[in-house]
Amino acid sequence: MLLWTTRSRALTLSLFALVVTVVFAAPIVTVIAAALAGSWTGPLPSNLGGRNFAAALSDENLASLTVSLQTAFVAGALALAVGTWAALAAREAPTWLRRTTDAVFHLPIAIPSVAIGLGLLITFNSRPLLLGGTKWIVILAHTILVLAFTFSAVSAALDRLDPAYRQAAESLGAGPTRVLLRITLPLLLPALGAAAGLSIALSMGELGATVMVYPATWKTLPVSIFGLTDRGQVFLAADTTLLLAVTLLALLVVGRLRRR
């Protein structure tokens, strides 16, 4: 029986490693190899080097990268603030209202992002809220799309909090605001950091809604990469690799700030 269990675990680990390699590692390695390749006419890339990155670091692509970073950080901050507020408010609400809030905040991930973009474009394309043609409609689209993840992360963390901390503070005379600022939020910092990192990563790669609403003056890097596919540019993989690298760097920065 022990031998069978050991073999089963080994087989499970092998299958897991195979799935991770095929589904996650292989596509990323392929993109990086294509970015370094001078040509790829055989089974393996050839003439490896950094020539493609020179084109990927052009002024237009760097501007798109800057737009992506600004959009990701602003949308992530907005989603974190709104999602945290909603999770805290829903915790004190009746059960029916809590379930309604949960459904509303998870709705954007249940429908295609293109539909979100089209809805925003129609809704905010006339006064008094005329956002069409501005950067704010892009930021709003990203905020809505990542809001579900910040709300879920904070809600899950609140469910795991020991109510004894809050009860002890209240018994010592602390008011609701003091309990929130001195007890609840500090205990939520790991979840808030994780939610912020996830929001930034998702925003950096968002395309479906963005391509529906973006103006010519606020084009994110995924939109630029999408445009390159239509023109058959040879340094497309270099742009994608640049996006991967900057996203990972942003996550590392957020992770370091969270630890501090």
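Keep in mind the model is a prediction, meaning the values are calculated, not measured.

## What to know about the packing of helix α3 (residues 59-91) against helix α6 (residues 135-160)
A pair of packed helices is characterised by two quantities: the angle between their axes and the separation of those axes. Axis separation between α3 and α6 bottoms out at 6 Å; the angle between their running directions is 40 degrees. Judged on the interaxial angle alone, α6 and α3 are oblique. Taken as a pair, α3 and α6 cross one another with a handedness that is right-handed. Counted by class, the contact of α3 with α6 contains 16 nonpolar, 7 polar and 2 charged residues.

## Examining the packing of aromatic side chains
Summed over the entire model, instances satisfying the criterion amount to 1 aromatic pair. Relative to Phe151, the ring of Phe105 lies with its centre 4.8 Å away and its plane at 20 degrees, an arrangement referred to as stacked. Here Phe151 lies in helix α6 and Phe105 lies in helix α4 (residues 95-106), a separation of 46 residues in the sequence. When its relative accessible area of 14% is taken as the criterion, Phe105 is described as buried. Take Phe151: its relative accessible area is 3%, and that puts it in the buried class.

## What to know about the pattern of salt bridges
Within this structure, the stated rule accounts for 1 salt bridge. Residues Asp159 and Arg91 are paired through a salt bridge, measuring 3.7 Å at the closest nitrogen-oxygen approach. Of this pair, Asp159 sits in helix α6 while Arg91 sits in helix α3, placing them 68 residues apart in sequence.

## Comments concerning the side chain of His142
Among the secondary structure elements, His142 is positioned in helix α6. In this structure the side chain of His142 is engaged in a polar contact, spanning 2.6 Å, whose partner is the side chain of Ser203. When sequence neighbours within four positions are dropped, the list of residues in contact with His142 reads Thr71, Ala75, Ser203, Glu206 and Thr210.

## Quick look at the side chain of Ser203
With respect to the helices, strands and loops of the structure, Ser203 is situated in helix α8 (residues 176-204). Look at Ser203 and you get buried, because its relative accessible area is 4%. Contacts of Ser203, omitting those with residues within four sequence positions, involve Thr71, Ala72, Ala75, His142 and Val146.

## Section: the confidence of the model for the protein
Overall, the prediction assigns the protein a mean pLDDT of 79, with 74% of residues at 70 or greater. Of all helices and strands in the protein, the one with the weakest mean pLDDT is helix α1 (residues 2-36) (65), whereas α6 scores best (91).

## A short note on helix α5 (residues 113-123)
Listed in full, the buried residues belonging to α5 are Ile116, Gly117 and Leu120. On an axial view of α5, the arc spanned by its buried residues comes to 95 degrees, and they lie on one face. If you follow the buried residues of α5, they end up packed against α6 and α9 (210-213).

## Things to note about a nonpolar patch on the surface
Taken together, the side chains of Ile109, Phe149, Leu198 and Leu202 present a nonpolar region at the surface, about 300 Å² in accessible area. By the element assignment, Leu198 lies in helix α8. Take Leu198: its relative accessible area is 38%, and that puts it in the partly exposed class.

How each quantity is defined
Residues numbered from 1 in each chain as written. Predicted model: local features only at pLDDT ≥ 70, side-chain atom pairs only at ≥ 80, totals over all residues. Heavy atoms only, no water. Axes fitted to C-alpha atoms, helices over the stretch in contact; angles between N-to-C directions. Helix = DSSP H or I, 4+ residues; strand = E, 2+ residues; numbered from the N terminus. Parallel < 35°, antiparallel > 145°, perpendicular 65-115°, else oblique. Left-handed = near helix turned anticlockwise from the far one by under 90°. Nonpolar A, V, L, I, M, F, W, Y, C, P; charged D, E, K, R; others polar. Phe/Tyr/Trp six-rings, centres within 6.5 Å; stacked < 30°, edge-to-face > 60°. Buried < 20%, exposed > 50% of the residue type's maximum accessible area, 1.4 Å probe, protein only. Salt bridge = Lys/Arg side-chain N within 4 Å of Asp/Glu carboxyl O. Polar contact = N/O pair within 3.5 Å; in protein donor to acceptor, adjacent residues only side chain to side chain. Contact = heavy atoms within 4.5 Å. pLDDT = per-residue confidence, 0-100. Arc of directions from axis to C-beta. Patch = residues over 30% accessible without salt bridge, like charges linked within 9 Å, V, L, I, M, F, W, Y side chains within 5 Å. Areas by Shrake-Rupley, 256 points an atom, 1.4 Å probe, with all protein chains shown as cover.

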